[in-house]
Amino acid sequence: MAEKSHHYAVTVTWTGNQGSGTASYRGYSRDHLIQAEGKPAIEGSSDPAFRGDPARWNPEDLLLASLSACHKLWYLGLCAEAGVVVLNYEDHAEGEMVEEPNGTGQFTSVLLRPRVTLAAGADLEKARTLHHLAHQKCFIARSVNFPVAHEPRLLLAAQD
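Residues numbered from 1 in each chain as written. Predicted model: local features only at pLDDT ≥ 70, side-chain atom pairs only at ≥ 80, totals over all residues. Heavy atoms only, no water.

The protein goes by Organic hydroperoxide reductase OsmC/OhrA in an unreviewed UniProt entry, where it is assigned to Pseudomonas japonica.

Below, the structure is given as structure tokens:
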């Protein structure tokens, strides 16, 4: 089967010129808008540690959210195909980023902690195995150069 190629396009527009552009490091806002055709804009900034607005999404938040959402989407699809009924899914993901003395940095790890409620009588072992498979298939996790681990917590809904 031939490979498929998918193309994505976004526009990131800096909105933080406070009158003098980047004439000084402290003289501009890190605010920006992330836009894609037909979708609501995302208000972005940098992490507050880097003079950003804490009320706006930063690139680190978005990377973590992308990893979590990708895993969830694969997991739900795999469960649907395998006959494992998921009733609720909530992930409390965390990531670790280190900053080097010269100001550069990188993520060193991400931990996904999905809390999944399954229909009464679901096969817990199969549900757990599908998390491993979702991890192997997740496009975003396969694209990063740091480990992405997952510690799912599986719960069974009460019998009616």
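A. Region of interest: the overall build of the protein. Across its full length, the protein carries two helices and nine strands. Taking 15 Å as the expected radius of gyration for a compact globule of 160 residues, we find that the protein reaches 20 Å, considerably beyond that expectation. Contacts in the protein between residues far apart in sequence, at least 24 positions, make up 52% of those at least 6 positions apart. As displayed, the protein offers around 10,700 Å² of accessible surface, 52% of which is attributable to carbon and sulfur atoms. The centroid of the 14 positive side-chain charges in the protein is displaced by 2 Å from the centroid of its 19 negative side-chain charges. (Helix = DSSP H or I, 4+ residues; strand = E, 2+ residues; numbered from the N terminus. Rg over C-alpha atoms; globule rule 2.2 N^0.38 Å. Contact = heavy atoms within 4.5 Å. Areas by Shrake-Rupley, 256 points an atom, 1.4 Å probe, with all protein chains shown as cover. Lys, Arg positive; Asp, Glu negative; His and termini not counted. Charge placed at Lys NZ, Arg CZ, Asp CG, Glu CD.)

B. Just the layout of surface pockets, in detail. Estimated volume of the largest pocket: approximately 340 Å³. The class makeup of the residues in the lining of the largest pocket is seven nonpolar, one polar and one charged. (1 Å grid on protein atoms, 1.4 Å probe; cavity = no way out; pocket = protein on both sides within 12 Å on 5 of 7 lines; lining within 4 Å. Points joined across faces, edges and corners; volume = space filled by probe spheres on them. Nonpolar A, V, L, I, M, F, W, Y, C, P; charged D, E, K, R; others polar.)

C. Up close: the pattern of salt bridges. Considering all chains together, one arrives at four salt bridges under this definition. Between Arg 56 and Asp 31 there is a salt bridge whose closest N-O contact spans 3.5 Å. A residue pair is termed long-range when its members are at least 10 positions apart, and Arg 56 in the loop between strand E3 (42-44) and helix H1 (59-82) and Asp 31 in the loop between strand E1 (11-14) and strand E2 (32-35) qualify at 25 residues. When sorted by exposure, Arg 56 lands in the same class as Asp 31, which is buried. Arg 56 is the partner of Asp 53 in a salt bridge, and the nearest nitrogen-oxygen pair spans 3.8 Å. Three or more residues are tied together by salt bridges with common partners; here these are Asp 31, Asp 53 and Arg 56. (Salt bridge = Lys/Arg side-chain N within 4 Å of Asp/Glu carboxyl O. Buried < 20%, exposed > 50% of the residue type's maximum accessible area, 1.4 Å probe, protein only.)

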